[in-house]
Amino acid sequence: MLNSIGVFFADKFRRWLPDSFIFAILLTIIAAAFAFIVMDTTPIKLAQAWYKGFWMLLQFGMQVLLTLATGYAVAISPPAAKGIDWLAKKIHRPMFVYLTVTFVGGLFSLVSWSWIALTAVLGRELAQRVDKVDYRLLAACVYISILPWHGGLSGTIPLVLNTPDNFLMKAGTLAATIPVSNTLGSTMNIVCNLALILTLPILIILMRPHRDKAVQFKDLLEGGPVARPVSVAEEAASMGLPSRNISDTMNNSFILQILIAVLGVGFLIWHFSTNGFDINLDIMNLLFIMIGMICHGTPLRYIVAMKRACANNSGIVLQFPFYAGIMGIMIYTGLGAKVAAILAASATVTTLPFVSFLIGGFLNIFIPSGGGEWAVVGPTMVQAASNLGAGMPPEQLTELISRVSMAVAYGDSWTNMIQPFWTLAFFPVIAAGVRLQARDIMGYTFVGMLWSFVIFAVCVTFLPI
């Protein structure tokens, strides 16, 4: 049954879904049309709002690029490669390939959404070693495995809430930071993540095509067999001069690298021992930089790893300003706040979290960035929670704000399954040398979105913080 449903939607999405950049352009036009009609704005004010937003996410965009690049640099390090190689030798059947990639990818996503690159490396290796693996479904496994990410350590919204002097506090909407124990460490979030990680692999298994109908990695190859990739260490070694010299000695110095790593790790130890489990985007990026430096061992190897990692970011560099432009339209015409306010107006304390989840899912189509989306609707949703919980004790009010905030975060993760933007984070790995596009996997991920709706909706509505 699910097998046929997956194939049906996969075929439809291949026919209907354009490239992710075209998707961004279409969404810009739709957002502008809504703002022009609903907010009764003028064309010049609309253009000004779009332009003002176009550049407003540069700092956050740099944080996102660093998160992806540093995570990917860890993913291609020797320890990670050894782990993938060990795991690949244990798996010999297509069913276990799908199970492993989806389950392990879900665990990776809880560490960092950027580790989707590591999941892609694992999936690609397994697909080349195990016969009869449908490569399109495997790529969908990689994308579906990111569904838990906003409830993990790199979840933007909970990290923003825990960041001192965040924009909500500066605006007076939020009185104090909300610790991650109320968001990432909540019962609701833990149960939600467990449900996703344990059930999504089963969903994938039920969607797998018959072995004889599998479109394999070798069937999608462009221009013959793929050559063995040059390792980071090999590329770094090839950059040296033939004779011994001072520059190469410094480039390949383990001591220089480890001195900086000790400094960074020392700061992180001090930070966590002083502040407890206090983590934000800056701390997360520093952590991954230090891990990457330690795993690669020398400055030159880490330079090579980051060069490869940053090569995956071209799509984000191009498209992020356009989505920031959409965010500008949403913010500076008042469209985003009005949509959120209209939807939240009839909500109660009981229904507001579910409504927040739907708002997060809807706006994620237009702003596929948890931080950017939170900038648009965060003030409205926190204010709505504060108004509804005006008579509550402070602890209960904080719990309501936490629940509403995580509901928006889950909505952001939920509709990623029909928003191709974040395929940019792993397609440079999974699609290298093969004929594979985002539209080839979105039908399968759409089914994943339908199932995750049930999990997210139940969790935000009924489970305790």
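Residues numbered from 1 in each chain as written. Predicted model: local features only at pLDDT ≥ 70, side-chain atom pairs only at ≥ 80, totals over all residues. Heavy atoms only, no water.

Asks: Break down the packing of aromatic side chains for me, citing the residues and quoting the values.
Replies: Remark: the centre distance and the inter-plane angle together describe each pair of aromatic rings, the angle taken between the planes. Applying the stated criterion across every chain yields a total of 20 aromatic pairs. Between Phe267 and Trp270, the ring centres sit 5.7 Å apart and the planes meet at 35°, which makes this aromatic pair tilted. Of this pair, Phe267 and Trp270 are both found in helix H14 (residues 254-275), three residues apart, which corresponds to roughly one turn of the helix. Taking relative accessible area as the criterion, Phe267 reaches 38% and is therefore assigned partly exposed. Relative accessible area serves as the criterion here: at 48%, Trp270 is assigned to the partly exposed category. Within the aromatic cluster, the residues linked to one another by ring pairs are Phe354, Phe357, Tyr410, Trp414, Phe453 and Phe456. Residue placement shows Lys52 over the ring face of Tyr332; its charged tip is 4.3 Å from the ring centre. (Phe/Tyr/Trp six-rings, centres within 6.5 Å; stacked < 30°, edge-to-face > 60°. Helix = DSSP H or I, 4+ residues; strand = E, 2+ residues; numbered from the N terminus. Buried < 20%, exposed > 50% of the residue type's maximum accessible area, 1.4 Å probe, protein only. Lys NZ or Arg CZ within 6 Å of the ring centre and 35° of its normal.)

Asks: Any details on the side chain of Ser109? Residues and values, ideally.
Replies: Structurally, the position occupied by Ser109 is in helix H6 (residues 94-111). Every residue in contact with Ser109, bar those within four places of it in the chain, is listed here: Ser145, Ile146, Pro148, Trp149 and Ser154. (Contact = heavy atoms within 4.5 Å.)

Asks: Give me the lowdown on unusual backbone geometry, citing residues and values where you can.
Replies: You will see that Asp40, though not glycine, has its phi angle at about 55°, which is positive. Its place among the elements puts Asp40 in the loop between helix H2 (20-38) and helix H3 (43-54). The phi dihedral of Lys132 is positive, around 70°, even though this residue is not glycine. Relative to the assigned elements, Lys132 resides in the loop between helix H7 (116-129) and helix H8 (135-144). For Lys132, a relative accessible area of 25% puts it in the partly exposed group.

Asks: Got a sec to walk through the environment of Ile255? Specific residues and values, please.
Replies: Relative to the helices and strands, Ile255 is located in helix H14. For the pair formed by Ile255 and Gly297, sequence separation is 42 residues and the distance between their alpha carbons is 8.9 Å.

Asks: Run through H3, naming residues and quoting values.
Replies: For the α-helix, the turn length of 3.6 residues means that residues three or four positions removed from each other point alike. Taking 1.5 Å per residue as the helical rise, H3 with its twelve residues ought to reach 16 Å, and the 16 Å between its terminal C-alpha atoms agrees with that figure. The complete set of buried residues in H3 reads Leu46, Ala49, Gly53 and Phe54. The arc that holds every buried residue of H3, seen down its axis, measures 140°, which confines them to one face. Residues Ile44, Lys45 and Tyr51 are exposed on H3 and point more than 90 degrees away from its buried face. Where the residues of H3 are buried, they touch H2 and helix H17 (314-332). (Expected span 1.5 Å × (residues − 1). Arc of directions from axis to C-beta.)

Asks: I'd like to hear about the pattern of salt bridges, residue by residue, with values.
Replies: Note on pairing: side chains with opposite charge can pair once their charged atoms come close. Scanning all chains against the criterion turns up five salt bridges. A salt bridge links Glu125 to Arg129; its shortest N-O distance comes to 3.1 Å. Separated by four residues within a single helix, Glu125 and Arg129 lie in helix H7, roughly one turn from each other. Note on Arg129: relative accessible area 40%, which makes it partly exposed. Note that Glu235 and Lys307 form a salt bridge whose closest N and O atoms lie 2.6 Å from each other. Of this pair, Glu235 sits in helix H12 (residues 232-238) while Lys307 sits in helix H16 (residues 299-311), and the two are 72 residues apart along the sequence. Because the salt bridges share partners, they merge into one network encompassing Asp85, Lys89, Glu125 and Arg129. (Salt bridge = Lys/Arg side-chain N within 4 Å of Asp/Glu carboxyl O.)

Asks: Would you mind going over the environment of Val408 in detail, with residue names and values included?
Replies: Secondary-structure assignment places Val408 in helix H21 (residues 394-414). Residues Val408 and Ile418, spaced ten residues apart in sequence, show a C-alpha to C-alpha distance of 17 Å. Residues within four places of Val408 in sequence aside, it is in contact with Ile157, Ser356, Phe357, Gly360, Glu373, Trp374, Val377 and Met381.

Asks: So what's going on with the state of the cysteines? Residues and values would help.
Replies: Taken as a whole, this structure holds zero disulfides when the rule is applied. In this model Cys141 remains outside any disulfide bridge; the closest cysteine sulfur is found in Cys192, 19 Å from its own. Given a relative accessible area of 0%, Cys141 falls into the buried group. With no disulfide of its own, Cys192 has Cys459 as its nearest cysteine by sulfur position, at a separation of 4.0 Å. Classification of Cys192 by relative accessible area gives buried; the value is 0%. (Disulfide = S-S within 2.5 Å.)

Asks: With reference to specific residues and values, describe the packing of H2 against H17.
Replies: Helix-helix packing: each pair is described by the crossing angle between the helix axes and the interaxial distance. Close contact between H2 and H17 brings their axes to 9 Å; oriented N to C, the two are set at 10°. It follows that H2 is roughly parallel to H17 by the angle criterion. Crossing of H2 over H17 shows left-handed handedness. Across the interface between the two elements, Ser20, Phe21, Phe23, Ala24, Leu27, Thr28, Ala31, Ala32 and Ala35 of H2 pack against Leu318, Gln319, Phe322, Tyr323, Ile326 and Ile329 of H17. Here the contact of H2 with H17 is built from residues that sort into twelve nonpolar, three polar and no charged. (Axes fitted to C-alpha atoms, helices over the stretch in contact; angles between N-to-C directions. Parallel < 35°, antiparallel > 145°, perpendicular 65-115°, else oblique. Left-handed = near helix turned anticlockwise from the far one by under 90°. Nonpolar A, V, L, I, M, F, W, Y, C, P; charged D, E, K, R; others polar.)

Asks: With reference to specific residues and values, describe a nonpolar patch on the surface.
Replies: On the surface, Ile246, Met250, Phe254, Ile255, Leu256 and Leu259 cluster together into a nonpolar patch covering about 650 Å² of accessible area. Every element with two or more residues in the nonpolar patch is listed here: helix H13 (246-251) and H14. Top element by residues in the nonpolar patch is H14. It accounts for four residues. Position of Phe254 relative to the elements: it lies in helix H14. (Patch = residues over 30% accessible without salt bridge, like charges linked within 9 Å, V, L, I, M, F, W, Y side chains within 5 Å. Areas by Shrake-Rupley, 256 points an atom, 1.4 Å probe, with all protein chains shown as cover.)

Asks: Go over the environment of Asn285 with me, naming the residues and quoting the values.
Replies: Counting through the fold element by element, Asn285 comes out in helix H15 (residues 281-296). Classification of Asn285 by relative accessible area gives buried; the value is 5%. Between the C-alpha atoms of Asn285 and Ala347, which are 62 residues apart in sequence, the distance is 37 Å. Residues in contact with Asn285, not counting those within four places in the same chain, are Gln63, Leu66, Thr67 and Thr70.

Asks: Which residues make up the packing of H6 against helix H11 (residues 187-207), and what values go with them?
Replies: One way to put it is that H6 packs onto H11 with a least axis distance of 9 Å and a crossing angle of 155°. Overall, the two elements H6 and H11 adopt an arrangement that is roughly antiparallel. The two elements H6 and H11 cross, and the hand of that crossing is right-handed. On the side of H6, the interface is formed by Met95, Tyr98, Leu99, Thr102, Phe103, Gly106, Leu107 and Leu110, while H11 contributes Asn193, Ile197, Leu198, Leu200, Pro201, Ile202, Ile204 and Ile205. Residue classes in the contact of H6 with H11 are distributed as 13 nonpolar, three polar and no charged.

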